[in-house]
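So you can see what is in the structure, the chains are spelled out below.
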Amino acid sequence: MDWALRACGWHGHYTYAPDEADLADRLRVETVAGVAWRCLRCGTFVPGDPIGSGPADHAPEVPRGRLLRDRWLMRALAIERLLRGLVLVGVAFAVLKFRTSRETMRAAFDHDLPLLRPLADQFGWDVDRSKIVHLIDQAFSLSNTTLLWVAVGIFGYAGLQAIEALGLWLMKRWGEYFAVVATSLFLPLEIYELTEKVTVLRIGALLVNIAAVVWLLYSKRLFGLRGGAAAYHAEHSAESLLSVERSALAVPSN
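Every chain begins its residue count from 1, and numbering advances along the sequence as written. Totals for whole chains, interfaces and linings use all residues, but because this is a predicted model, local features are given only for residues with pLDDT of at least 70 and pairs of side-chain atoms are given and counted only at 80 or more. As a rule here, side-chain values cover all heavy atoms of the structure and leave hydrogens and water aside.

1. What about the sheet that holds strand S3 (residues 34-38)?
Sheet strands associate in pairs through backbone hydrogen bonding, adopting either a parallel or an antiparallel arrangement.
Piece 1. In this description, strands pair whenever DSSP reports at least two bridges between them. Only runs of H or I of at least four residues qualify as helices and only runs of E of at least two qualify as strands under DSSP, and these elements are numbered from the N terminus. One open sheet holds the 3 strands; their spatial order is S2-S3-S4, and the pairing between them is antiparallel. Each having just a single partner strand, strand S2 (28-31) and strand S4 (45-47) make up the two edges of the open sheet. Averaged over all pairs of adjacent strands, the angle between strand axes in this sheet comes to 35°, irrespective of strand direction. Geometry is summarised by axes, namely lines fitted to C-alpha atoms with helices restricted to the contacting stretch, and by angles between N-to-C directions that run from 0 to 180 degrees.

2. Here's the deal with the packing of helix H6 (residues 144-169) against helix H7 (residues 173-196)
Piece 1. Close contact between H6 and H7 brings their axes to 8 Å; oriented N to C, the two are set at 145°. Note on packing geometry: the crossing formed by H6 with H7 is left-handed. The segment H6 lies against H7, with Tyr157, Leu160, Ile163, Glu164, Gly167 and Leu168 engaging Trp174, Gly175, Glu176, Phe178, Ala179, Ala182, Thr183 and Phe186.
Piece 2. Ten residues, namely Ala, Val, Leu, Ile, Met, Phe, Trp, Tyr, Cys and Pro, are considered nonpolar, four, namely Asp, Glu, Lys and Arg, are considered charged, and the remaining ones, Gly among them, are considered polar. When its residues are assigned to classes, the contact of H6 with H7 shows 9 nonpolar, 3 polar and 2 charged. Should the near helix be turned anticlockwise from the far one by less than a right angle, the crossing is termed left-handed; should it be turned clockwise, right-handed. Only heavy atoms enter the contact rule, under which two residues are in contact if any of them lie within 4.5 Å.

3. With respect to the pattern of salt bridges
Piece 1. When a carboxyl oxygen of Asp or Glu lies within 4 Å of a side-chain nitrogen of Lys or Arg, that pair is called a salt bridge. Evaluated as defined, the whole model comprises 6 salt bridges.
Piece 2. The partner of Glu80 in a salt bridge is Arg84, with the nearest N and O atoms 2.6 Å apart. Of this pair, Glu80 and Arg84 both sit in helix H3 (residues 66-100), 4 residues apart, which is roughly one turn of that helix.
Piece 3. A single network of salt bridges, built from pairs that share partners, joins Glu80, Arg81, Arg84 and Glu164.

Encoded structure:
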């Protein structure tokens, strides 16, 4: 997949006219439709006036190549975190609803459980030994204060997911650090949950989080890895089309 062409198809081309004459000559061409400027993202020559102009050092960063692909992955991860946060918000509201309607739900549970037993027996499900039924029964014994704190804790966790999503979507350096730290803190809990019961959902969530942490650490050079922030910014600068053309100008011709 050509990530640059896809991005330009969605957001449009970005052309820039540098003040440096030699560099500008490498980014423009005369066509039958007039002067065309080279897009800093996909490299296509686009007829018409450039979108930006000024010194080359003041040109905005336009990601391309692998760095552009990384941005798509970052935003996909941000969407996953946002969806997870929305689910947690729904769970928190469900806890608050349960807290205020517990007596009604308890009466319905006690009334419907005996009716469920004959159907459960047909499927070989022992309702009296079911962990789900046991957990529901335990939930009815929790105090209103405990349920309130459970809801607050879930809201807090949802807030962490929302902050992660925001930082990753905006491609902020602090968002990358926050995502790695916040995700790593909950990995031991996810591993512990697998020791109690292995499910496809739990395994999938654990693998996604581990992959996200490893990828962010390696590709974004966090915590000093692979040269740290200095190497990270140098890599971004080297990938810029303006930097590539400037380097070409510096190479003496034979």
